[in-house]
Amino acid sequence: MNIFVLFFLFFTAESFNFNNSKCYLKNKSSLINMNLKNLRDKNGLPKFSLFKYNTIEDDTKLIINDLKKDFKKLEEKMENTKSNFYEISIYEREKIFYPIEFYWGVISHLTSVKNNNELRTAHENVMPEVIKIGNDLSQSKILYNCLKKASKENLNSIQKRIIKKELKGMELNGVNLEDNKKEEFREISLRLANLSNKYRNNVLDSVNNYKMIIKDDKNMLKMPEYSLELYSEKAKTEGFKSTPKKGPWVVTLDGPSLYSFMTKYPESDKRKDLYKASIKRASEKKYDNTELVYEILKLNQKLSELLGYKNYVDISLSQKMATESKIYKLLNKISKKSKKKGIEDYEEIKSYFGLKDLNSWDVAYYSEKLKEDKFEFKEEDVKPYLVYENVLEGLFKLSKKIFDISIVEVNTDKEKIDLWNEDVKYFRVYDGSDSKNEIASFYLDPYIRPGEKKGGAWMDDCVGKSKYLNNKPVAYLTLNGTPPLNGKPSLMTFSDVETLFHEFGHGLQHMLTEVDESAAAGINNIEWDAVELPSQFMENWCYHKKTLMSFAKHYQTNKTMPDDLYNKIMSQKTFHKANQINRQIYFSMIDLYVYQNDIDDIYNVQKKISDKYLAYPIDKEDRFLCSFEHIFSGGYSAGYYSYKWAEIMSLDAFSVFENVEDDKELKNLGMKFRKTILAKGGGTDPLKVYKEFMGREPNSDAFMKHYGLI
Ligand code: ZN
């Protein structure tokens, strides 16, 4: 999410990753003789190749200096005006923020997809200044007063909501504090940003520091091909001469490596070693995060009191859709059923394999094995049917069918559209079938690029919709799929396909917004716990038979996926998921607890809450709170519950589509979804929008049914 698009709403310390290193003026800015306009093409898209890494620091400083001057002039105007408060404080501010928003947006994007040491250093060096200017401006009393006056003008409901959120954001940034308290607030914010950065680096470094090197091990050959490829690739980067079949192999603690090993490696002792290392991440020696956790919690409490709140949970929930009582009620209701189901699943494994005890490091392995036995299903069997290009085409056809949009790939060579990598594609989105009515566009960056591209997948905004700046929305969709290898096309796992649909769902909300006030268009201004609704909603379509069968064709024979395989996918999709739900509830509860209570022993808290919500006890050495990045260095502090909250809404919303066979009826429903949830963005209260689509408030029935908890 681009920080400046959100104006001041997210200028709280925990949202940022920045390094407190000093800034030096090293290079002449490339912008001194160059207008920012030159960095955009005729379509308004960034010319990525013109962003020179060695001038980033100076370019950014130059833009910030201009912003400071422009903001000062704007403040004078705000003080002297007798009318047009909204226009000045929102639209004119949007205009002067645009250069930094555009420039810094591209730089941030490049750090994620085209990173190298030069870029990283420049980014880290200048980041504190970007944060500082954001913080300083969000504490402008003149702007705050102007927004207050604007709130009394004759505004529409979207504008009213923007003003309300802007004021709230500034209040939470300490705009109303006395000068000495303001200073204290800034110090705490800065310290928190440092702590959160240190916390993240400790996790990263402790993960990077762990390697399990495996040589001459016959057990490895019982693992799937793609796992061996992964471990052999890792071994090569560690300087070994390795092949997938012969090794040596290097197993690490990052997600795909850990998951694959814990579910597929057949011998318990090595699983135990890896498991123990994973639960102790960032809890030992120089990477120990324990003290950081205490300090982060203490400072957040101090910050909350400074702002007149009881604790950080109150601050967090004051900006969310959910209320405290609703969260507890909902999670406890689910937990009552899912804990029982989790215990049953656990017992099922024990009795099936005749085990007296079941060790924590053996659960995933046996559960996976039981799944394979019971459903005769292997993830690997699905892959040959999921060719990236076909999946994409299927997704676009679905979008046409339910949302009435046409998506067309652009010939970037012919149109001279700049890309950051040759695998990236650029698409235009049209309303209906009208090739004159372009409403948005997006970049799609599909494949893994170790070394320069971050792992995971995400949607980010490149350009936001704005009436004032006459901009159409442009999105970045970034995935990390397998590139075409050895003459094979790019084949996706089922979960890769879900990820593509997920990010595309975020993209749809950004691109199909009908709000043209930039501050509330697309995903801007949407409550954090509602933002995952369209993305998780789209995931459900991967299991929709007609949709899946429309693109699942074998890469060699072009035969559609057999019914039998489809049925297996369906029957195993929620197999043994209760313990995953239990874990997420445990995370949500611990997150709320630590931000609400005085803690003197975090491990004690971990034990107490896990006993209550998990089906089996955690390991004595479990130091999970030392690597819970979401709540100590991500934006999820006192908000982790958002995942479940949005999932419940997405399944509830999808339930009305589920059994509809008739295409016309599907389109009616799809258009209703488009015109409410996708179109109204952050301009309307999310509960109101939801009710407009569903005709009622969300409930957890579909969720409970989906996971077999009724
Ligand atoms: Zn998401």
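Residues numbered from 1 in each chain as written. Predicted model: local features only at pLDDT ≥ 70, side-chain atom pairs only at ≥ 80, totals over all residues. Heavy atoms only, no water.

(A) Spotlight on the pairing of strand E6 (residues 458-463). The element E6 is largely enclosed, with a buried count of 6 among its 6 residues. Where E6 lies against strand E7 (residues 474-481), 5 bridges are found, and the strand directions are antiparallel. Within the sheet, the bridge partner assigned to Asp461 lies in E7 and is Ala475. (Buried < 20%, exposed > 50% of the residue type's maximum accessible area, 1.4 Å probe, protein only. Helix = DSSP H or I, 4+ residues; strand = E, 2+ residues; numbered from the N terminus. Pairing = 2+ DSSP bridges.)

(B) Focus on the pattern of salt bridges. Taken as a whole and judged by the stated rule, the model has 42 salt bridges. For Asp362, the salt bridge identified is with Arg271, shortest N-O distance 2.6 Å. With Asp362 in helix H13 (residues 360-375) and Arg271 in helix H9 (residues 268-279), this pair connects stretches of sequence that are 91 residues apart. For Arg271, a relative accessible area of 1% corresponds to the buried category. Here Asp663 makes a salt bridge to Lys401, at a shortest N to O gap of 3.7 Å. Highlighted residues: Asp663 in helix H24 (residues 663-678) and Lys401 in helix H15 (residues 388-403), separated in sequence by 262 residues. Judged by relative accessible area, which is 23%, Lys401 ranks as partly exposed. If you follow the salt bridges from partner to partner, you end up with Lys264, Glu368, Lys371 and Glu372 in one network. (Salt bridge = Lys/Arg side-chain N within 4 Å of Asp/Glu carboxyl O.)

(C) Spatial organisation of the packing of aromatic side chains. Under the definition given, this model contains 55 aromatic pairs. Residues Tyr346 and Tyr616 carry aromatic rings whose centres are separated by 4.4 Å and whose planes lie at 15 degrees to one another, so their mutual orientation is stacked. Placement of Tyr346 in helix H12 (residues 324-353) and of Tyr616 in the loop between helix H21 (602-613) and helix H22 (629-632) is noted, with a sequence separation of 270 residues between them. Relative to Phe427, the ring of Phe396 lies with its centre 5.3 Å away and its plane at 70 degrees, an arrangement referred to as edge-to-face. A residue pair is termed long-range when its members are at least 10 positions apart, and Phe396 in helix H15 and Phe427 in strand E4 (residues 425-431) qualify at 31 residues. Per residue, the accessibility class of Phe396 equals that of Phe427, and both read buried. Sitting over the ring of Tyr603, Arg623 keeps its end group 4.0 Å from the ring centre. Lys672 extends its terminal NZ or CZ atom over the ring of Phe693, reaching a point 6.0 Å from the ring centre. (Phe/Tyr/Trp six-rings, centres within 6.5 Å; stacked < 30°, edge-to-face > 60°. Lys NZ or Arg CZ within 6 Å of the ring centre and 35° of its normal.)

(D) Broad picture of H15. An ideal rise of 1.5 Å per residue puts 22 Å on 16 residues; H15 measures up with 22 Å between its terminal C-alpha atoms. Considered for burial, the residues of H15 that qualify are Tyr388, Val391, Leu392, Gly394, Leu395, Phe396, Leu398, Ser399, Ile402 and Phe403. (Expected span 1.5 Å × (residues − 1).)

(E) How the structure looks around the coordination of the zinc ion. Those protein atoms acting as donors to the zinc ion are His502 (NE2), His506 (NE2), Glu532 (OE) and Glu532 (OE), and they sit at 2.1 to 2.7 Å. For the zinc ion, the 4 donor atoms in the first shell make angles of 52 to 143 degrees at the metal, so the coordination geometry reads as irregular. Taken in chain order, the donor set of the zinc ion reads H-x3-H-x25-E. Here His502, found in helix H16 (residues 494-511), pairs with Glu532, found in the loop between H16 and helix H17 (533-539); they are 30 residues apart in sequence, far enough to count as distant. Residues His502 and Glu532 agree in their burial class; the two are buried. (Donors = N, O, S within 2.8 Å, 3.2 Å for Na, K, Ca; no water. Tetrahedral: all angles 85-135°; square planar, octahedral: opposite > 155°, others 65-115°.)

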